[in-house]
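Reading the structure
Below are the chains, spelled out letter by letter.
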Amino acid sequence: MPELGQNQLGVDLSSTVKVMKGSKVKKGRKKHRDPRALSPAVNTIITILLGILAFACIFPFIYVIIISFTSEESIVRNGFQIIPKNWSMDAYHYLWSMKEQLFRSYGVTIFVTIVGTVISVFMITFYAYAISRPQFKYRRFFTFLAFFTLLFSGGLVPTYIVVTQFLHLKDTIWALILPLSMNAFYIIIMRTFFLKSVSESILESARIDGASELRIFFQIIFPLSLPGIATIALFSTLGYWNDWFTALLYINNPDLVPLQALLMKIEANLEFIRQNMDVANMQLSIFSTIPQESAKMAMVVIATLPIAVSYPFFQKYFISGLTIGGVKE
Amino acid sequence: MKKFARDIYKNRVWLLMVLPGTIWLLIFSYLPMFGQVLAFKKFRIDPDGFFASVMNSEWVGWSNFKYLFSTDDAWVITRNTLVYNIIFIVVGLLAAVGTAILLSELMNKRLSKVYQTSILFPHFISWVIGSYFVFTFLSTEHGLLNHVLGWFHIDAVSWYSESKYWPFILVFMSLWKGVGYGSIVYLASIVAIDRTYYEAAMIDGATKWKQIKHVTLPMLKPLMIILTIMNIGRIFNSDFGLFYQVPRDSGALYSVTNVIDTFVYRGLMNLGDIGMSTAAGLYQSFVGFILVLITNYIVRKVDEESALF
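Residues numbered from 1 in each chain as written. Chains lettered and ligands numbered in written order. Predicted model: local features only at pLDDT ≥ 70, side-chain atom pairs only at ≥ 80, totals over all residues. Heavy atoms only, no water.

The condition is simple: UniProt positions are given in the numbering used here, feature names are shortened, and annotations may be inferred rather than shown by experiment.
Within an unreviewed UniProt entry, the label attached to chain B reads Carbohydrate ABC transporter membrane protein 1, CUT1 family (TC 3.A.1.1.-), and the organism entered is Fictibacillus solisalsi. Its UniProt record gives chain B the following Sequence similarities (unreviewed entry) comment, quoted word for word: "Belongs to the binding-protein-dependent transport system permease family." Its UniProt record gives chain B the following Subcellular location (unreviewed entry) comment, quoted word for word: "Cell membrane".

The name recorded for chain A in an unreviewed UniProt entry is Putative aldouronate transport system permease protein, from Fictibacillus solisalsi. What UniProt states about chain A under its Subcellular location (unreviewed entry) heading is, verbatim, "Cell membrane". UniProt lists a comment for chain A under the heading Sequence similarities (unreviewed entry), and it reads "Belongs to the binding-protein-dependent transport system permease family."

**A closer look at the overall build of chain A**
To be explicit about the condition: Helix numbers and strand numbers start at the N terminus; a helix is a DSSP run of H or I with at least 4 residues, a strand a run of E with at least 2. Type-normalised accessible area, obtained with a 1.4 Å probe on protein chains alone, sets the label of each residue: buried when under 20%, exposed when over 50%, and partly exposed for intermediate values. By definition, residues are in contact when any of their heavy atoms lie within 4.5 Å. Reported accessibility uses the Shrake-Rupley method at a 1.4 Å probe radius. Residues are deemed covered only where the shown protein chains occlude them.
Check the secondary structure of chain A and you find 16 helices and zero strands. Taken over 329 residues, chain A has a buried fraction of 51%. At a minimum sequence separation of 6, the contacts of chain A that also span at least 24 residues come to 75%. Accessible area of chain A: about 16,500 Å², with a carbon and sulfur share of 66%.

**Digging into the nonpolar core**
Definition in use: We define the nonpolar core as a collection of buried residues of types Ala, Val, Leu, Ile, Met, Phe, Trp, Tyr and Cys that are connected through side-chain atoms lying within 4.5 Å of one another. The source of the domain bounds is an automatic or database domain assignment.
Ranked by internal contacts, the top residues of the largest apolar core, which has 185 residues, are Y127(A), Y129(A), F142(A) and W166(B). Residue assignment places this core across two domains, with domain 1 (2-59) and domain 2 (63-124 + 175-306) of chain B each supplying three or more. Sequence-distant contacts of Y127(A), that is, excluding residues within four places in its chain, are made with F142(A), L145(A), A146(A), M182(A), I187(A), M17(B), V18(B), G21(B), T22(B) and L25(B). Core analysis: the next-biggest nonpolar cluster, separate from the first, contains five residues, Y198(B), A201(B), A206(B) and V215(B) among them.

**Quick look at the UniProt feature "transmembrane region" (unreviewed entry) in chain A**
All names here are of chain A. Within this structure's numbering, the places UniProt gives as "transmembrane region" (unreviewed entry) are residues 37-66, 106-129, 141-161, 173-195, 216-241 and 297-314. End-to-end, the C-alpha atoms of residues 106-129 are 34 Å apart, and along that stretch the chain is 100% helix and 0% strand. Annotation note: span residues 141-161, helix share 81%, strand share 0%, distance between end C-alpha atoms 27 Å.

The structure is reproduced here in structure tokens:
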């Protein structure tokens, strides 16, 4: 009862405040501004400051796109210009001539991203859900098992030895997938999410109806937790798409090099691919000089484009995901 | 024993659910922890597999550590890792909170959304791509920066071999990539603050500045503390890509770009010195672990609610 009273009071107060404010604004509209608003000068300064920051964050990408369309002669003569003297599509024609490797790497990245994300989502949600249930007798033990890995890490070298000597994953596609498929941090986030969003009463009624725990998980929990699961899936997808480190460690076979890793060694690769291409390949002879610099930038554009294009759509899920589960209960 | 078997049976569904994750944790987290003993051994591959290799390698006591700390490298990588991380934590916190407050105060909300979208963009870019972004500015022959210096008749700088500029470049790049994420986290927290606090402050005659100082910042304090503890706990770890890709692995810059992570990586991949790089890795894990415990202990003393565990 007292809670209700307090609440009522709060509502009354704020509405009074609103009325007062409203009348104030009405009386002296020309002389007084809304007291909550910034002065126009300060607002302009903030708009400009943030504008510079926002521009600085996307300008490099625009700049790289421009360079990729600059003719190689222009780059050699004038450097990377914001408005180049001579435009050219040579870089993209050139990349097209090595499309096998590009498509291959794109394929590897897409495969790894999809398979990896599916595996991660299942492992993480299963684990997190089990340790969020009070019926699970050993939940504390398994929570600690995951949490401790956040505090103390096995280190790069032992991990490398485990992956190469114990699992023998070097130069296999699984070396790109498995090492990234779990993350204790996501387990803790999902656990908090389940603790907050899944109420025991729904589960009780399902149990009374005779549903098994697995059936409850797939038919009730999974749909109910879709926002949380989508967040984990998004984090995981981005993690796989942008990964180059595992490839740097474990992959030498050019057939298994993902996009980011291809880009990383692009200088060496441009040379390598050029040398390995059929000498009789006439496509190449159309280039008087190899568009080395612009081709690099064209590769950057090609690798970034999927993220840049989908970014405005997934951004809001990402932002809502940030607040979905604190680390603490 | 019988009771244990019954408990296992009773919890079988849950155990089944944690099974894949547990196997992963055991192989990819706990097995490497056990592998850390290689820091005290001289690693030799045994034909009988991984365990035999680890067990049968000869004990060498502290000699890997002695070797590590006898070189200048140990001091340089520790200094670089700590100093960069301290700067990143302080500057990153100020920039993120500052940007979040400015974004929340911006009168044009549509513009605020557009700004958020652009500021967050670098977060989704890998450092491989980031390093090309940097290259377009710093390339000695073609880069924008040398071009601009040319207008002022200043000689071109060979950026990738001049170490004195890199502390600034690395801090700048770390901010470039991180400020968006940080500010969005704080912005979400600012938006959640009850508006009536501000109304009450205004009735008391608080200026905008005073509202920020006495309402917004105190409300953000718990989040600032928890994120800072987590960062301090990771103060011995660095963003590998920032220190490896962005300087393009340039040897001339190692004195200011080599951190524990890059040192361990190069020790393993370039030198093949398993003993010493494992020792460096264990040094990193161990000190990091102690730091989390200490920070958490202090926070717990000061403000129990904000402690991580």
